[in-house]
Amino acid sequence: MVFWIRVLALCTPLLTSWAYSQTLKGRITDAESKTPLPGVLITFKTDSVIRQCTSNEAGFFIFKSMPLGLANITFLIPGYITKQLVTRIISGKESNLSVAMEERVIQGDEITVTAQQTKSESRNAFNLISTHVFNAEDASRFAGSRNDPARMAANYAGVSGANDSRNDIIVRGNSPLGVLWRINGLDVPNPNHFGNIGASGGPISIINTNVLDVSDFSSGAFSSHYGNALSGVFDLKWRRGNTDTREYLAQIGFNGFELGAEGPIGSKQQASYMVFYRYSTLGVFKALNIPFGTGSAVPEYQDYNMRIDWSTKRYGHFMLWSMGGVSTIALLYKDKLRAGANSLYGYANRNAYFNSKIGVLGMSHHYPINSKSYVSTYFGFSGSQNNIASDYIDSAFSTPDFTIPEYRQDFSVLKTGLHSVYHYKLNSKHFFESGIYIERIHLHLFDSSAIFFKPLLYSRLRHYTGAYFSNRWYAQWQIKMNARLRIQGGIYAQYLSLNSHAVIEPRFSIKYTHLNHHLGFACGLHSQTQPYYMYFSTTNFGALTNTSLDFTKALHVVLSHDFNLKSIWHFKSEAYYQYLYKVPVTYSASSFSALNLGADFLSPNITGLTNSGSGLNYGIEFTIERYFNAKYYILTTGSFFNSRYCGSDAIWRNTAFNGNYVINGLGGKEFQLTPAVSVIVDFKSTWAGGKRFTPIDLEKSRAQKKEIRFTDKAFSEQYPNYFRLDIRPGIRINKKHVTHELQIDFQNITQHDNVFQQTYNPKTQQLEYDYQLKLFIVPQYRILF
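Every value quoted in this text rests on a predicted model; they were computed, and no experiment measured them. (Residues numbered from 1 in each chain as written. Predicted model: local features only at pLDDT ≥ 70, side-chain atom pairs only at ≥ 80, totals over all residues. Heavy atoms only, no water.)

### A look at the overall build of the protein
Here is step 1 of the chain: Looking only at helices and strands, one finds 8 helices and 44 strands in the protein.
Here is step 2 of the chain: A compact globule built from 785 residues should have a C-alpha radius of gyration of about 28 Å, and the protein, at 26 Å, falls within 12% of that.
Here is step 3 of the chain: In terms of its C-alpha atoms, the protein occupies a principal-axis envelope of roughly 80 × 65 × 45 Å.
Here is step 4 of the chain: Considering only intrachain contacts with a sequence separation of at least 6, the fraction spanning at least 24 residues in the protein is 65%. (Helix = DSSP H or I, 4+ residues; strand = E, 2+ residues; numbered from the N terminus. Rg over C-alpha atoms; globule rule 2.2 N^0.38 Å. Contact = heavy atoms within 4.5 Å.)

Right, here's the structure in full:
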């Protein structure tokens, strides 16, 4: 393959080896106080070029006319830990770095921290362990990730994502409902198309990876900065638009047709904008007969991401940002029959219609009080809406259109949030922060379901309109005892006005460094409110029995060891223990537990719940990673875990998410054909334990002409192991001020049969299996100019 590409490079004028160049710039700040660092010596180095400059009074630096390709950048200033980064320079877009440097505790010999080490060091100084750091390039680097931050995170140790239909994040055996999404300082609703209200996943992400700056994903025992989450936190930061030059992007692929623009506002380099818009292209995929899991149905969606920044000398920095998306699909049973195993979303003998909307508008203000402290304030509005209709296929053909209305849903959530945090850096050893988060939640929850078809009778499930507050406060202090040891303690508190429940949670972590070894320990209490629909589930008599439910709570304990070898290889292992308590279960003895919710598109109406359930997650994780160096990378992760729960029947069972193990292997290699042309090949393999499920009682299902499961055998069986192998070849071509990128992602190239679900078909009176995607081809072309 490489031979023919080389021949093509020699024969095609497009693949020229002309020496193009581009600008590299950025800003350097103190990691804790966020104040700019002037006088930093920046060294730019490639195999053939070495150049240097220093940052100005505002911390900015710039290199012009730099050669294309990978470069090593070193940042050096007395009193701070020397830092090295690896960045890629392309002709179609300026490279803009945001660099945070950590002050040394003890003045003396220089301590070098390489770019590879910063991958395990959060931009939030209080995230000491169980945190993964990524940026826009990382989010699109791995094969099979579909430019989706959640699918990218599924490659990390401790995370399971063996589901082709959704990007749910299952962290250490916990429900996806336990994940918190935070963007630019504000907690946001489920940022996915076709996502259920109260859930955290969906088939397609609304977040455009082109807007991402350096961001964090935490997988447990997170700091007091975060709350109302049990399993993980996505803390996403969006980058600032280019303040000097207007730049544009056009892209077409599986995720849609996309246009983007960014640039300065005015001529004083104090304001900038960035906007991206996307419209679905799956209709084109259907016309090309490429299956994508919805059978003959075509999902339609569109979304946007935007950010506007402006800086002032006296009043600090202001930001306005927004994102939104709309999506719709009709899943018809006749299409499912026609598609067979290529449909992951439809239901037997039913037509389903799904419409969703989401919108977020946020504003932030960063105000430096002095060189040691600052205040960041975030204010915003968010809204999400779901409209779902399900019709049962009338086998007796007694209705005009052969269907009977079975379920109707109209859910909407409007949230107003204010988050303000004060940071104070006493000196190089002490760092403190305290914040408040006030959130008003307005709900509109209406749904009903048919309980009899002949005669047609309906049951009102939820019928609520109202509002309540969720108020939070947190504080934490970090002490660097010396260059090797840092300790931090914090506290998080939350109050829910709906039922006047309150919680106070202490958290503690410690990290010790010796040479290239890092030992960490963290523990703390964590809690989360219940899904909105659970509080307002209604009995057949219209009674609300769940509004007094307490928080679900958990104890997290994590032990971590990191080892870096020659600044290229990274070895990491973590052992964890989670005990969950105050889990909602039914008053009467049953196998139900709220810990099993969140893996589908359903909002079950379960009444008569009490906080007497419990759960247990424990396991060990391994990561072996070779950072992108010498034009190739390797990542291998292994997670081995057990996830159990106890319902009101006092029986311990597997949770719905207890796959027991996940092993990922990833790698990639870049071949430089000419200074302007490179070929990239990435691959990924995933081997994971099958999904747990509750078996179907075939005899009762046939007698009652509908699917009946053995509820006393909840999640007692497991589908066969999941396996998928993806490979993605691509090519990058740099022209003058233009970069072309073409890639084709071949997913599940072995066409392995991964079971998606087992269902009962009342028409055939047989069990049926739906399978996940076979060979799935995802082409993408992008141009930056």
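Still to come is the rest of the account.
### With respect to the side chain of N748
Here is step 1 of the chain: As for its placement among the helices and strands, N748 is situated in the loop between β41 (738-747) and β42 (755-761).
Here is step 2 of the chain: Exposure remark for N748: the relative accessible area of 1% places this residue in the buried category.
Here is step 3 of the chain: Among the polar contacts listed, one links the side chain of N748 to the backbone nitrogen of H752, at a separation of 3.1 Å.
Here is step 4 of the chain: Each residue touching N748, except ones within four places of it in the same chain, is listed here: F723, R724, L725, D726, N754, L773, K774 and L775. (Buried < 20%, exposed > 50% of the residue type's maximum accessible area, 1.4 Å probe, protein only. Polar contact = N/O pair within 3.5 Å; in protein donor to acceptor, adjacent residues only side chain to side chain.)

### Here we look at the sheet that holds strand β7 (residues 95-101)
Remark on secondary structure: sheet strands pair via backbone hydrogen bonds, oriented parallel or antiparallel.
Here is step 1 of the chain: An order of β4-β1-β7 is seen for the 3 strands of this open sheet, with the pairing classed as mixed. Looking at strand neighbours, the two that pair on one side only are β4 (60-67) and β7, the edges of this open sheet. Between one strand axis and the next, the sheet turns through 20 degrees on average, direction left out of account.
Here is step 2 of the chain: Relative to β7, strand β1 (residues 21-30) is paired through 7 bridges, and the arrangement is parallel. Residue pairing in the sheet places G26 in a bridge with L97 of β7. (Pairing = 2+ DSSP bridges. Axes fitted to C-alpha atoms, helices over the stretch in contact; angles between N-to-C directions.)

### Let's talk about the pairing of strand β33 (residues 609-629)
Strand residues, when the strand is regular, have side chains that alternate between the two faces of the sheet.
Here is step 1 of the chain: Bridge count between strand β32 (residues 569-586) and β33: 17 bridges; the pairing is antiparallel. When the bridges of β33 are listed, E574 appears paired with E621.
Here is step 2 of the chain: Taken together, the 14 bridges between β33 and strand β34 (residues 632-646) define a ladder with antiparallel strand orientation. Across the sheet, residue G619 finds its bridge partner in β34, namely F641.
Here is step 3 of the chain: Taken together, β33 and the strand that follows it, β34, pair antiparallel across an intervening segment of 2 residues, in which A630 is found at a positive phi of about 55 degrees.

### Quick word on unusual backbone geometry
Here is step 1 of the chain: The backbone of K34 shows a phi angle near 65 degrees, a positive value even though the residue is not glycine.
Here is step 2 of the chain: Tracing the backbone shows K34 in the loop between β1 and β2 (41-45).
Here is step 3 of the chain: With a phi angle near 50 degrees, N184 is a residue other than glycine that sits in the positive phi range.
Here is step 4 of the chain: Note on placement: N184 falls in the loop between β12 (179-183) and β13 (186-187).
Here is step 5 of the chain: By relative accessible area, N184 is classed as buried at 5%.

### Digging into the side chain of Q578
Here is step 1 of the chain: Here Q578 is to be found in strand β32.
Here is step 2 of the chain: Taking relative accessible area as the criterion, Q578 reaches 2% and is therefore assigned buried.
Here is step 3 of the chain: Within the local environment of Q578, its side chain forms a polar contact with the side chain of N174, the two groups lying 2.7 Å apart.
Here is step 4 of the chain: Those residues within four positions of Q578 in sequence are excluded, and the remaining contacts are R172, N174, L555, H556, G615, L616 and N617.

### Some words on the environment of W652
Here is step 1 of the chain: Structurally, W652 is set in strand β35 (residues 652-654).
Here is step 2 of the chain: Sequence-wise, W652 and S614 are 38 residues apart; in three dimensions their C-alpha atoms are separated by 9.2 Å.
Here is step 3 of the chain: Contact partners of W652, with chain neighbours within four places excluded, come to S614, G615, L616, R644, Y645 and C646.

### Re the confidence of the model for the protein
Caution applies to low-pLDDT regions: their predicted coordinates should not be interpreted in detail.
Here is step 1 of the chain: Overall, the prediction assigns the protein a mean pLDDT of 88, with 91% of residues at 70 or greater.
Here is step 2 of the chain: Every residue in residues 1-18 scores below 50 in pLDDT, and together they form 21 contacts with partners more than four places removed in sequence or on other chains.
Here is step 3 of the chain: In this model, residues 108-118 is a region of pLDDT below 50 whose contacts with residues beyond four sequence positions or in other chains number 34 contacts. (pLDDT = per-residue confidence, 0-100.)

### Overview of the environment of P36
Here is step 1 of the chain: Summarising the element assignment, P36 is placed in the loop between β1 and β2.
Here is step 2 of the chain: Given the relative accessible area of 29%, P36 is considered partly exposed.
Here is step 3 of the chain: A sequence separation of 24 residues divides P36 from F60, and the C-alpha atoms of the two residues are 8.1 Å apart.
Here is step 4 of the chain: Once you skip the residues sitting within four places of it in the chain, P36 turns out to touch R27, I28, T29, E57, A58 and G59.

### Thoughts on the pattern of salt bridges
Here is step 1 of the chain: In total, this model carries 39 salt bridges according to the counting rule given.
Here is step 2 of the chain: A salt bridge links R486 to E102, with the shortest nitrogen-to-oxygen separation between them at 2.4 Å. With a gap of 384 residues between them, R486 in strand β28 (residues 485-496) and E102 in the loop between β7 and β8 (112-113) connect regions that are remote in the sequence. Take R486 and E102: they sit in the same class, and that class is buried.
Here is step 3 of the chain: Put simply, D30, E32, E102, E103, K425, K480 and R486 are held in one network by salt bridges that share partners. (Salt bridge = Lys/Arg side-chain N within 4 Å of Asp/Glu carboxyl O.)

### Details of a nonpolar patch on the surface
Here is step 1 of the chain: Nonpolar side chains collect at one region of the surface, where L361, M363, F379, F381, L418, I436, I438, F469 and W473 lie side by side and expose about 710 Å² of accessible area between them.
Here is step 2 of the chain: For the nonpolar patch, the secondary-structure elements that each account for two or more residues are β23 (350-368), β24 (373-393), β26 (430-452) and β27 (457-480).
Here is step 3 of the chain: For F379, a relative accessible area of 30% puts it in the partly exposed group. (Patch = residues over 30% accessible without salt bridge, like charges linked within 9 Å, V, L, I, M, F, W, Y side chains within 5 Å. Areas by Shrake-Rupley, 256 points an atom, 1.4 Å probe, with all protein chains shown as cover.)

### Describing the sheet that holds strand β16 (residues 215-218)
Here is step 1 of the chain: Taken together, the 5 strands give an open sheet; going across it, the order is β9-β16-β17-β12-β13, and neighbouring strands pair in mixed fashion. Edge positions in the open sheet fall to β9 (131-134) and β13, since each of these has one partner strand only.
Here is step 2 of the chain: In this structure, β12 lies alongside strand β17 (residues 232-236), joined through 5 bridges in parallel fashion. The residue of β17 that forms the bridge with I183 is L236.

### Here we look at the environment of S165
Here is step 1 of the chain: One can find S165 in the loop between β10 (159-160) and β11 (170-171).
Here is step 2 of the chain: The exposure class assigned to S165 is buried, which follows from its relative accessible area of 1%.

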